[in-house]
Amino acid sequence: AASASAKSASRFATCCASRNGCRTGTARMNSSVSRNHDPAKLWEQALGAYTNKDYDHSIKLLQAVLVRAPRFAEAHHLVGVCYLMQNKHADAERCIRKALSVKKNAEFYANLGLALQQSGNADGAAEAYSASLALDPSSFRICNNLGNIYFKLNRHEEAVALYRQAIPHQPN
């Protein structure tokens, strides 16, 4: 059963990989990943790579995490965010939806909304932002993003209502 689970996780990691793969620094990434079997350490390394804007390396580390912990929603989400930072919107959407299939989370929905918005899918973005706002109604950023989408969709009254909802939660 363990090997079947590993194969399934490996298939997802492959599915979540960019169609172009991680061509730069592959030997370095493979050797650093193969030496470390602790998902917590891999996760920390992936966060470090993400912070350093080394998205390909972060994705590779996160894929190794997902082989070992396939239901780790935050890892699926961060793979999606890495793809989002690389403007690979379809890959980002797929990975973030996988995270949402494991765990409903306002931030996951917000980033799904951003991926959909950046790919030109305003209706899908509005749906994702609405789901995020349902989980976190005091989010200034989501009220503002959803307001902007509604404005673009000529839903001006709803946009104004969201901008008003955002004002008390404005950080500055």
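So, a few notes on the structure that sits alongside this text. Since we're looking at a predicted model, the values are computed, not measured.

1. A few points about helix α8 (residues 122–135)
Logical step 1: With 14 residues, α8 ought to run about 20 Å at 1.5 Å a step, and its terminal C-alpha atoms sit 20 Å apart, in line with that.
Logical step 2: Within the sequence span of α8, burial applies to Ala-122, Gly-124, Ala-125, Ala-126, Ala-128, Tyr-129, Ser-132 and Leu-133.
Logical step 3: If you follow the buried residues of α8, they end up packed against α7 (106–118), α9 (140–152) and α10 (156–166).

2. Focus on unusual backbone geometry
Logical step 1: Unlike most non-glycine residues, Lys-53 shows phi in positive territory, near 60°.
Logical step 2: Among the secondary structure elements, Lys-53 is positioned in the loop between α3 (39–51) and α4 (55–68).
Logical step 3: In this model, Asn-154 sits at a positive phi of 60°, which is unusual for a non-glycine residue.
Logical step 4: Within the element layout of this structure, Asn-154 appears in the loop between α9 and α10.

3. Overview of the packing of α3 against helix α5 (residues 73–85)
Logical step 1: In the contact formed by α3 and α5, the axes pass within 12 Å of each other and the chain directions differ by 20°. Classified by the interaxial angle, the pair formed by α3 and α5 is roughly parallel. In this structure, α3 crosses over α5, and the sense of that crossing is left-handed. Touching Trp-43, Leu-47 and Tyr-50 of α3 are Glu-74, Ala-75, Leu-78, Val-81, Cys-82 and Met-85, all from α5.
Logical step 2: When its residues are assigned to classes, the contact of α3 with α5 shows eight nonpolar, no polar and one charged.

Rules and cut-offs
- Residues numbered from 1 in each chain as written.
- Predicted model: local features only at pLDDT ≥ 70, side-chain atom pairs only at ≥ 80, totals over all residues.
- Heavy atoms only, no water.
- Helix = DSSP H or I, 4+ residues; strand = E, 2+ residues; numbered from the N terminus.
- Expected span 1.5 Å × (residues − 1).
- Buried < 20%, exposed > 50% of the residue type's maximum accessible area, 1.4 Å probe, protein only.
- Contact = heavy atoms within 4.5 Å.
- Axes fitted to C-alpha atoms, helices over the stretch in contact; angles between N-to-C directions.
- Parallel < 35°, antiparallel > 145°, perpendicular 65-115°, else oblique.
- Left-handed = near helix turned anticlockwise from the far one by under 90°.
- Nonpolar A, V, L, I, M, F, W, Y, C, P; charged D, E, K, R; others polar.

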